Structures are given as C-alpha cells and as structure tokens.
Amino acid sequence: MGLVAVNKVSFAMDESEILGIIGPNGAGKTTFINLVSGIIMPSDGKIEYKGEDITYAPAHERARKGIARTYQLIHPLENLSLIENIMVGSIFARGNSLKAARRKAEALCSELGLRDLDRDTSRLTILEVKKMEIARALANEPEVLFLDEVMAGLNADETKDLIATVQKIAKERKLAVGVVEHVMGVIRELTHRVIVLEAGELIAQGPYEEVSKNKRVIEAYLGGAA
Amino acid sequence: MNRSLARAIAIGAAALALILPLFAGDYPLQVARNVMMYMALAVTWDMLLRSGQISFGIAGLFGVGSYATILAVVRGGMPDWLSIPFAGLFSGLVAFLIGLVILRLRHTYFSIVTMALGEIFRIIIHNLHDFTGGPEGIVIQQGVMFGGKSSHLYWLALGGLAVALGASYWFDKSRFRFALTAIRNNETSAKSSGIDIFRWLLVTFVITSAIQGMIGGIFVQSYGFASPDSVFSADFTLLPMAMALLGGIHSTVGPILGGLLLGLVAEWLKLKIPYGHLVVYGVMIIVVILFMPNGLLGMARKAGKKAAGGQRDQA
Amino acid sequence: MYLVFCVAATVVLILWKPTVLIYGLQTAGLYAAIAIPMGLVLGIVHIVNLAHGEFMMLAAYGTYFACKALGMDPLLAIIPAGLITAAFGWVIFQLTIRRAIKAPELNQLILTFGLAIAFTQVINLVFTSQTYKMPLDYVSSSMDIGELTFGTWSFVFIAMAILYAFGLKFFLTRTTSGKAALAVGQNPKGAAIVGIDVYRIYGFVFALALALVGAMGALFLTKSAIFPSVGSPFTMKSFCLVAMAGVGNIPGILSASILLGISENILRAFRGTRGWADIVFFVLIIVVIMSRSLKGRKS
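Keep in mind it's a predicted model, so treat the numbers as computed, not measured.

Here is what the cut-offs are and how they apply
- Residues numbered from 1 in each chain as written.
- Chains lettered and ligands numbered in written order.
- Predicted model: local features only at pLDDT ≥ 70, side-chain atom pairs only at ≥ 80, totals over all residues.
- Helix = DSSP H or I, 4+ residues; strand = E, 2+ residues; numbered from the N terminus.
- Rg over C-alpha atoms; globule rule 2.2 N^0.38 Å.
- Buried ≥ 20, exposed ≤ 12 C-beta atoms within 10 Å, placed from the backbone.
- Contact = placed C-beta atoms within 7 Å.
- Axes fitted to C-alpha atoms, helices over the stretch in contact; angles between N-to-C directions.
- Parallel < 35°, antiparallel > 145°, perpendicular 65-115°, else oblique.
- Nonpolar A, V, L, I, M, F, W, Y, C, P; charged D, E, K, R; others polar.
- Pairing = 2+ DSSP bridges.
- Right-handed = clockwise from strand over helix to strand, strands pointing away.
- Core = buried A, V, L, I, M, F, W, Y, C linked by C-beta atoms within 7 Å.
- Left-handed = near helix turned anticlockwise from the far one by under 90°.

## Digging into the overall build of chain A
Part 1: Helices and strands together make up the secondary structure of chain A, namely 9 helices and 8 strands.
Part 2: Its C-alpha atoms give chain A a radius of gyration of 18 Å, within 12% of the compact-globule value 17 Å for 226 residues.
Part 3: Once the C-alpha set of chain A is aligned to its principal axes, its extents read approximately 60 × 40 × 30 Å.
Part 4: Evaluated residue by residue, chain A yields a buried proportion of 40% over its 226 residues.

## So, the interface of chain C and chain B
Part 1: In this assembly, 32 residues from chain C lie in contact with 31 residues from chain B.
Part 2: Looking at the side of chain C that touches chain B, the elements with two or more residues in it are α4 (74-100), α5 (105-127), α10 (232-245) and α12 (280-298) of chain C.
Part 3: Per-element accounting of the side of chain C that touches chain B gives the leading share, 15 residues, to α5 of chain C.

## Regarding the environment of Q212 of chain B
Residues and elements named next belong to chain B.
Part 1: Relative to the assigned elements, Q212 resides in helix α10 (residues 197-223).
Part 2: Separated by 48 residues in sequence, Q212 and A164 have C-alpha atoms that sit 8.6 Å apart.
Part 3: Those residues within four positions of Q212 in sequence are excluded, and the remaining contacts are L41, T44, I58, L61, F62, G65 and S91.

## Comments concerning the packing of helix α2 (residues 18-44) of chain C against helix α9 (residues 198-223) of chain C
Between two packed helices, both the angle of their axes relative to each other and the distance between the axes serve to describe the pair.
Residue and element names in this part refer to chain C.
Part 1: Between α2 and α9, the shortest axis-to-axis distance is 9 Å and the interhelical angle comes to 170°. Considered as vectors, α2 and α9 are oriented roughly antiparallel to each other. Across from A33, I34, I36, P37, L40, V41 and I44 in α2, the residues of α9 making contact are V205, F206, A209, L212, V213 and M216.
Part 2: Of the residues in the contact of α2 with α9, the class split is 13 nonpolar, no polar and no charged.

## Side note on unusual backbone geometry
All names here are of chain B.
Part 1: Positive phi, close to 50°, is recorded for R106, a residue that is not glycine.
Part 2: Assessed through the 19 C-beta atoms surrounding it within 10 Å, R106 is described here as partly exposed.
Part 3: The backbone of H107 shows a phi angle near 45°, a positive value even though the residue is not glycine.
Part 4: In this structure, H107 sits in helix α5 (residues 107-127).

## What to know about the sheet that holds strand β1 (residues 18-22) of chain A
All names here are of chain A.
Part 1: One open sheet accounts for 6 strands, arranged β4-β5-β6-β1-β7-β8; its pairing is mixed. Where the open sheet ends on each side, the last strands, each with one partner, are β4 (67-69) and β8 (201-206). Averaged over all pairs of adjacent strands, the angle between their axes in this sheet comes to 20°, without regard to strand direction.
Part 2: Bridge analysis of β4 against strand β5 (residues 144-148) gives 3 bridges, and the strand direction is parallel. Bridging from a neighbouring strand, A68 pairs with L145 of β5.

## A look at the pairing of β5 of chain A
Residue and element names in this part refer to chain A.
Part 1: With 5 of 5 residues buried, β5 lies mostly within the body of the structure.
Part 2: Neither face of β5 is exposed, since V144, F146 and D148 on one face and L145 and L147 on the opposite face are all buried.
Part 3: Inspection of the sheet shows β5 paired to strand β6 (residues 176-180) by 5 bridges, in the parallel sense. Opposite D148, over in β6, you have V180 as the bridge partner.
Part 4: Handedness of the β5-helix α6 (residues 156-173)-β6 crossover: right-handed.

## Considerations on the nonpolar core
Part 1: Of all hydrophobic cores here, the largest spans 270 residues; its most connected members are A242 of chain B together with V205 and L241 of chain C.
Part 2: Aside from chain neighbours lying at most four places away, what touches V205 of chain C is L40, V41, I44, V45 and A181 of chain C.

## A short note on the packing of α4 of chain C against α9 of chain C
All names here are of chain C.
Part 1: Two numbers describe how α4 lies on α9: the axes approach to 6 Å, and their chain directions differ by 145°. The two elements α4 and α9 cross, and the hand of that crossing is right-handed.
Part 2: Across the contact of α4 with α9, the residue classes tally to 23 nonpolar, 8 polar and 1 charged.

Structure follows, in structure tokens:
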C-alpha cells in the first residue's frame, strides 16, 4: 500500500474562523491542502465539501465552488503584470468580464495595500509577493481559503502586517481560513482554533493554549519517549 | 511605441497591402502571396505557442486542409469559394478529434505526436489511393480559382492572412491572453484560479488548426494541384516557425516582422541555393532559440526597458 | 497473466504465420537498439532529443562514404562509427544542448528539432534525396526450416538490442561512472552536493548514447538503403517505445519493441494492410497517452 500520507482527516470550519493547521514536518499538511484543492487525487476515500462529493472534481472546478489556496513556493505568472496576476481568478473562477475583473482586482489591491499595479512581478518585495498571492486566491471570491506557510521568510514587522491583514479579510468576507504555519507565535496570535496532524492523522484539536499542552502533540514534535 | 503611432502604421500597412495589385506585376504578387500564407501559418503557430505547447505539425494540418479542399471540389463538386472555409472546418474537426486525446498529456507528448501528424496523414492519403489520387497527386480539372488572375489570388491570400491576424489580435485582447499566459507560466496556479486547462488548449488548438487548414485550402486553390509531397512539405512547418522565432514569439507583430524579413530572404535563397534554403531555416531556429529566444521584438523590448529603466532611476 | 498471454500469442503466431514472429522480433531488435539510447538520455539528462534518428542517419551516411572510399566492410566500421558519432555528439552537446538544459522545455524541443532539420537538410543539400545502399552478400543470408524460409541477417539487431540493454544495465549499476550517472538522473542537485560534476556527466551520457546510436547507424547501413529523412521515423518510434516503457525502464523498451515489431509485421504480412504498418506506433502512442491520463484522473 505504501505510505499513507493523509488518513481520514475530518473537521469542520466556520465562516470567519481562522483555523491553524500544525504538525511536525512530513505530517501531511501541504498534502492535505493539495487534496482538498484538487491538485492531487486521493488513492482511496472521499472528499466532501458542503455535503457535495468532490473527490474527483478537478482543481479548476473546486476553485469555482469556493475553495482557494495559496502556495508555499510562489511563482507569479511572469508574463502578466501584478494586477493581471490577480485578475485571473476573477475572470475564470467567477466568470467576470475583463473590465469587472480589473475593478475588483484594484479594490483587492487597495485593501491589501498593494500599489503600482502595472508593475512587472519580478520587482516585488517579499511582502508584496505574499500579498499578491493572497489577493490571487481572494480573486476567486472563495468561501474557504487555505494559506500554506504564507508567513515564511517575513520579518517581525511584515508578519504583524500580514497577520492583521488576514484577520481583517477573514472577518469582512466571512471566510473560513485554514492556516498552515510552523511559527507558533503566529499561530497563537492569528488563530481561533488549531488542529494537529501527525503522520497523516488528526491527533488533536482545540484552542492553541490547550493543544500546545497536549502530551501527544508535544511528543509528535519532539519525537516521543526514547 | 505609443498607441496612435502603432495604429497609424498598421492602417497604412493594411492600405498598402490592399492596393498592391494595382501597381505590382505578376511575379511580385506571387511572392507576396506565398509570404502572406507563410505569415498566416507563423501567426497561428504562435497563437498555440502562447499556451506553452509547441506544434511541429503545421504542415500536417495545412495538408489536411489542402486535401479537404481539393477532394471536395474534385470528388464532391463543391464550388471553389465554399471549399476554402470547408477546409477550415474539416481541419478544425480533425484537430478536435486528435486534441481530445493528445492534449490530456500536453508538452513533449503533444509535440512529438504533432511531429508525426504529417507522416500519418501522408500514409493515409497514400493508402486511400483511389479516393485521394495517391502519391501522384490530384489536379483540379477546371483549373485554378479566378482563372489564375494574380490580383484576385493575391487578395484571397490577403484575406487568409487577415483572418489569422484577426484571430491573433482577438486572442491578445480577450480572456484568451489571460488563460493562455497563465497556462504557459504556471499550470498549477492557473488551475487554482479556475482555468480549465484542457478546454482552453483544445479550443486554441482547434481554432489555430482550422485557420492553418484554411490556408492550405487557399494554397491549393491558387495552384490547382495537391500531392502528398507538395502539401505536407517540411517547408510549411519550418518557415513559419523560423519566422515567428526570428520576429518574436508570443505576439502578433513578431511573426509579421519575421515573416516580412524571412519571406523576402526565402525568395532570394530559393534562387541562390534551391536545395539548401531549408538548412538556413534550421540553423536560424537553432541560433535564435539559443541566443535570442524572444526574437527581434524581444531584443527591442529589452533595449527599450533599459533606456526607460535608466530614466526612471534618475527620476 | 502477461506471461500466459505472451506464450499463447507466440504459439498462435508460430502456427499461423511464423515469419511474422521472426520478422517481428528482428524489427523489434532494430527498434529497441535505437530506442534504448534515447531512453538513456531522457532518463539521465532529462531531455528528449528530437534529432536522435538524425544522428543515426549521419552515422550511416558517414559509414557509407568512408567504407566506399576505404573499400571496407561496414561491420568493421561499427566501433569507429560509434566513437566518431559520440565525439560529434559531444561537441554538439557542448555547443548547443548544454545551454538549453536550464531553459524551459519548450526551448529544448525547438532546439533539438532545429538540429534534426539542419542535419537532414545539410545531407539533402550535399547528397540530394538519392538513396544509397551497400550491396553486401551476407545480408541476404537465409535459413530453411521445413517449408519455412526466412532472412537471418537481421537477427544481429536482436543481438545488439540485448547487448545494449544488458551492457547499460551493467554499466549503470556496477561501475562508478554509471552509478554517478544514475544519481545525476535521479537528483541532479543532490548529486552536485556530493561533488559529482553534473554537466560532465550530462556530456558523457549524451556521448555514450550517441556512440550506441552511431554503431547502430553502421549496422543499419548493411541492411537498409539510406536517404536524408531515413532517421525521422526512428526518432518517433523510439519516443513511442520509451513512452510505453516509462522513463528509466530499459527492459520495458525491449517488451514494448516486441509489441511494436510484431504488430507492424502482422500488418505487413497482408497486401491489403501493408500500407498501414507505419501507423502502428502512432496508435500505440495514443493508447499510452490515454491510459496515462486516465490513471492521472484516479490517483
């Protein structure tokens, strides 16, 4: 059978809730997001979203249904400008005209603090790249958003900025947001609730304060009893 | 280059192209006809290239259109003018059926299959000997369209080019540009933004193949004859590729620019080294892809950016 | 399951049209021997060399004219042909392909396509499209078994294919350079970190593959006529076989070539279907593409 990367992970997310997804390396967090967003297909089992079976639905269909995610390694579309990168989801996931997509993308950019929109994407600062990636996902007008290690590589101020941004969009758009992060400080500040994955299984859930004291979780991170 | 200047140049060029037959002789008109057909193939090849897929099968689709036209006229009694759009439809249909299969895996698989297309069609035509006239080819009994009048044949070819340019321009201004560029730059990101990659590629492949087939129909109606060797010739794949690469891929203007340059060079080469001209295109393709992959247009843009960048840094 | 099928198929062929089995295997040998080097390059350097068949064509032409000039038999030229083709290929690699390795796949395809065209057209220019053939006695050797007569020379292709397959396997798994090559193929960055000169290995592997191709060019010359575009079907059929076997699967290329060789010869055996033999590889590629994409859907 080989290695089971994700095994019967099941949980609920509420609108406006920011859920932390944590676990040691190799626990299956990114694989989980890839499965939910349709980038990879499960070898077994079912994926349900709002009561609908989307197990074999292709990624672009899931995007249209309201699932969006960001990528850890961000490769912007280099032959499109900054704002055009953001327009894509609006055009194809939501079916907007080019004009409407442009307007919406501009609104998103001003909300997130992005300027000089016709720029080439090779000249963005790292914070701008992260914001662009989030904007790209938001252009889908999703109901669920997964952020895959979006804070990686940011300094303390930039992290604060982005945390505030994420909180704002979750609240204003009534989004359910799943956040994969390794920095516990971010998790503590940003999330309402946390789920913990280890070796593909969900081993704990609850508010960060509780979960961080959970024996099983600590063992998972530190490697268990010798 | 600012918008109104570009527009003025385009209109001027179009006007010039339109009235050319009024003062040019038969030979220049024939050269122009051929150049325009190659240009149209170059533009449509580029249109598919914008999605990141390379077709090595231009000659294949062109040849399919040629045979569709000639067989429709010779075996089916179709009127001349109808046989040309028919070629487009037929090639589009063939591309649709092939694309349904090979666009699922794309990239290298797609490219190699297109490489085989010309050969496969050639074999089919060879085998269906009685219907298609086999390796000796088939002649349109009533002769060439318009009775061979160069000005009319020229305008016919110009019409074909206009269709190709129109389609390319449309691709650049519509959501096609977003879809194809996204697919080319980052398929995963494209998928996550709701793009149905397979569908967009299929549509693009069908449209470009249909136009290529239509040009094949125009070619055959201009010469009144089709044979496997003449219509599935490597010329029809190589020269358009070289034109688009030289001028600058991923644009409408690039293939036109490359087309003008190479088109004139090609005629000259054919006279000087009648059997060697294809070597030149092959070498040209190699040199361009290694040293200036974005063609002349790309180099011009880079130079423009450097100049602009210098100014901006000072501002 | 496969074994049962193969045995059954073999029995059927022997009873019905044994020449199909024999010629099918001979053709399979030819195709496999040419496809294996393409698989090597694809598996380690990760590029599809669209000029693959054209290198063989060049080797064949070179061998023809060298043998004509020196009055020697092409069999003697096999090793020199291999070495010279390897050297030539290495130079081409350093001048062109090497620069495209980091470039998008698009550029590599166009580049090797350009090389294929350049090679074909240079030969066409210099030697025209005339076909050349070496008249040799031993290629018409044949054997009689009962009422059955068949040509035997082409068995050498089977021998070459097997030699290449096992030779490469030995090289890749038992020698230091071979193991380094395998490492580079699996993980170029990791290999670089442990001190392997990745580009040197690329050049070496490319040259090695072309040595095999060049040797086949000389051997091919013994049996077949050559003309400028003789290499192109081999490029496509080699890709078909490599695609069927999967990257890195050399024994798979042997089985795939048997399928291709026998299918083609079944069609060749009957006058009505003879012309369709050369479409088989195309159908097989389509089948491979369909089955790969369906698999991708489910998992």
